[in-house]
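Now for the letters of each chain:
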Amino acid sequence: MPNSQANPFLRNFLGNAPTWYKLTIVVFLLVNPLVLLAAGPFITGWLLIAEFIFTLAMALKCYPLPAGGLLAIEAVAIGLAKPETVYHEALVNFEVILLLIFMVAGIYFMKDFLQFTFTRLLVRVQSKIYISLLFCFLGAFLSAFLDALTVTAVIIAVAYGFYDVYHRYASGIEASAKHDLVDDDKVKEIHRQELKEFRAFLRNLMMHGAVGTALGGVCTLVGEPQNLLIGSIMGWHFIPFFLKVAPVSLPVLVVGLLTCVLVEKLRLFTYGAQMPGNIRSHLLETEVKMEAKRGKAGKAKLVVQAIVGVWLIVALALHLAAVGIIGLSVIVLLTAFNGVVEEHQLGHAFQEALPFTALLVVFFAIVAVIHEQHLFTPVIQYVLSLQGSAQLAAYYVANGVLSMISDNVFVATVYISETKLSITETLSRIPDIGMTGAQLMEKLTSTVTPRAEVYAALPQQAAQQAQAVMDQFDKLAVAINTGTNIPSVATPNGQAAFLFLLTSALAPVIRLSYGRMVLLALPYTITMSIAGLLATYYLL
């Protein structure tokens, strides 16, 4: 940016983001009002969406909240959306906001138990195929009930900790001394090849674990933020959500696990790297020392965390309360029984989720623009004009492609809300329903009244038409959920867990670049996306 070094305001604008990125955002902000005057709100709205997707795609250059937030504020300022509409969107999705605030923070206090589990796997299981499968499966299982970001954070912490131990050993550096893990200058020559192999081994495991979080995340109401968003709009609790999505999610899970075995066995796409025996022996000694240092108090904390983990699974399965409230109960139980009683200790738990929570509300501002300007109406109407399985496949592909380049939560938010509006209009055209389409939609997506009771209260012909419309709406919701969750493993742009891994302190240490991550994800992208599409077309 011109004179950015001389002008502190320009230098501070968007911080360390590249100058070309800052200039691009400034151009966006200047052009939008001019386009609004020249071409009207519809064209400007689509331009705004493209600009916002750009900020999501460039998340590695600058976290999307500042730049995307500026675009959202401008959109409201120039009249593309009302502040009341933005507030309404946030209010409707309040359960998702609660999930992000309390559930992610709750799982933070279970990190010791999760870290203990993955540490045992890393040092005790010797078969590379077996440990890869376990990392992938555990990532899937835990993400189905917990939070994908936290599960990824735990895997990263385990890998980073052990890499640190061995890198210090290979460099002859004391455990207490400052040390740069990216710098290999001090690594002894005899350890260099082993260290290179260890990096490749960790890259493989990190990707298996990260893909696992996507495999499990698609299956349940709490697996990913957009799942709860879709579930709340459809009126699905934990078990109904699982059953609705299962025809697509379970075949994809099987295909994903088989892909894990295949790439390791055939050493495809740089998979198949082994952990050198010397490193395994050294890490095993370290793990034994860590176990001894834990003591009785540490073991008691692990037991409490395991018990609360069981409570979490049972409470979610039985829908004993809203997901965010269950997360809050996890925070209370773990902090009370494990002695976390100081405010600064509690504060760390909320750091991971709040930036994304704020970004989600910015998403809602863009969604408000889409609603008020009816931007997606032509697209949605075209797709809905297709029939049966072709319609579902089109939804899956459209959501999948967008989620590869953009954030999958944003894509799901747009598609499910716009589809609901279109389906509501269809319901309103059914004769003799005795109410508005919106009122009927509210009854049919209620979490309290079963749909069968609502149908029974309608005239027979109206009930049959309404049931056919809602059955298709259910399938479209599943196509949106699976379309945004599965193909989005292609790049770090779509999956928050992937982006979290790429921007973590571990990535430069194990030489995990954007391109390398895309390459490692490629076999999963191909097999899982195709399996999801076929399941959507033939099994829904």
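These figures come from a predicted structure and were not determined experimentally.

Conventions and cut-offs
- Residues numbered from 1 in each chain as written.
- Predicted model: local features only at pLDDT ≥ 70, side-chain atom pairs only at ≥ 80, totals over all residues.
- Heavy atoms only, no water.
- Axes fitted to C-alpha atoms, helices over the stretch in contact; angles between N-to-C directions.
- Helix = DSSP H or I, 4+ residues; strand = E, 2+ residues; numbered from the N terminus.
- Parallel < 35°, antiparallel > 145°, perpendicular 65-115°, else oblique.
- Left-handed = near helix turned anticlockwise from the far one by under 90°.
- Contact = heavy atoms within 4.5 Å.
- Nonpolar A, V, L, I, M, F, W, Y, C, P; charged D, E, K, R; others polar.
- Salt bridge = Lys/Arg side-chain N within 4 Å of Asp/Glu carboxyl O.
- Buried < 20%, exposed > 50% of the residue type's maximum accessible area, 1.4 Å probe, protein only.
- Disulfide = S-S within 2.5 Å.
- Bend = angle between axes of the 7 residues up to and from the residue.
- Phe/Tyr/Trp six-rings, centres within 6.5 Å; stacked < 30°, edge-to-face > 60°.

Caption draft 1: Seen up close, the packing of helix 18 (residues 388-405) against helix 22 (residues 460-485). It is at 7 Å that the axes of helix 18 and helix 22 come closest, and there the two elements cross at 30°. Here helix 18 is positioned roughly parallel relative to helix 22, judged by the angle of their axes. Read as a crossing pair, helix 18 and helix 22 show a hand that is right-handed. In contact with Gly-388, Gln-391, Leu-392, Tyr-395, Tyr-396, Asn-399, Gly-400 and Ser-403 of helix 18, helix 22 contributes Gln-472, Lys-475, Leu-476, Ala-479, Ile-480, Thr-482, Gly-483 and Thr-484. The residue inventory of the contact of helix 18 with helix 22, partitioned by class, reads six nonpolar, nine polar and one charged.

Caption draft 2: Looking closely at the pattern of salt bridges. By the definition in use, this model includes four salt bridges. Glu-264 is the salt-bridge partner of Lys-128, the closest N and O atoms lying 3.0 Å from each other. With Lys-128 in helix 8 (residues 128-145) and Glu-264 in helix 12 (residues 238-266), the pair connects residues that are 136 residues apart, well separated along the chain. Taken individually, Lys-128 and Glu-264 each receive the classification buried, so the pair is uniform in this respect. Via salt bridges that share partners, Lys-244, Arg-451 and Asp-474 belong to a single interconnected network.

Caption draft 3: Looking closely at the state of the cysteines. Considering all chains together, one arrives at zero disulfides under this definition. The thiol of Cys-136 is not disulfide-bonded; the next cysteine sulfur, from Cys-260, is found 4.7 Å away. As a non-bridged cysteine, Cys-219 has Cys-136 as the owner of its nearest cysteine sulfur, 12 Å distant. Given a relative accessible area of 6%, Cys-219 falls into the buried group.

Caption draft 4: Spotlight on helix 12. Of all bends in helix 12, the biggest is about 70°, found at Ala-246, and the proline Pro-247 comes one to four residues later. In the stretch just after helix 12, Arg-267 is the one whose phi turns positive, near 55°.

Caption draft 5: Here's a closer look at the packing of aromatic side chains. Applying the stated criterion across every chain, the model contains 14 aromatic pairs. For the ring pair Tyr-21 and Phe-54, a centre distance of 5.8 Å and an interplane angle of 20° mean the geometry is stacked. Taken as a pair, Tyr-21 in helix 2 (residues 19-39) and Phe-54 in helix 3 (residues 41-57) lie far apart in primary sequence, 33 residues in all. Relative accessible area serves as the criterion here: at 0%, Tyr-21 is assigned to the buried category. Seen from their ring centres, Tyr-537 and Tyr-538 are 4.9 Å apart, and the 75° between their planes marks the pair as edge-to-face. Looking at Tyr-537, the relative accessible area reads 37%, which means it is partly exposed. Residue class for Tyr-538 comes out exposed when judged on its relative accessible area of 60%. What links up through ring pairs into an aromatic cluster is the set Trp-20, Tyr-21, Phe-28 and Phe-54.

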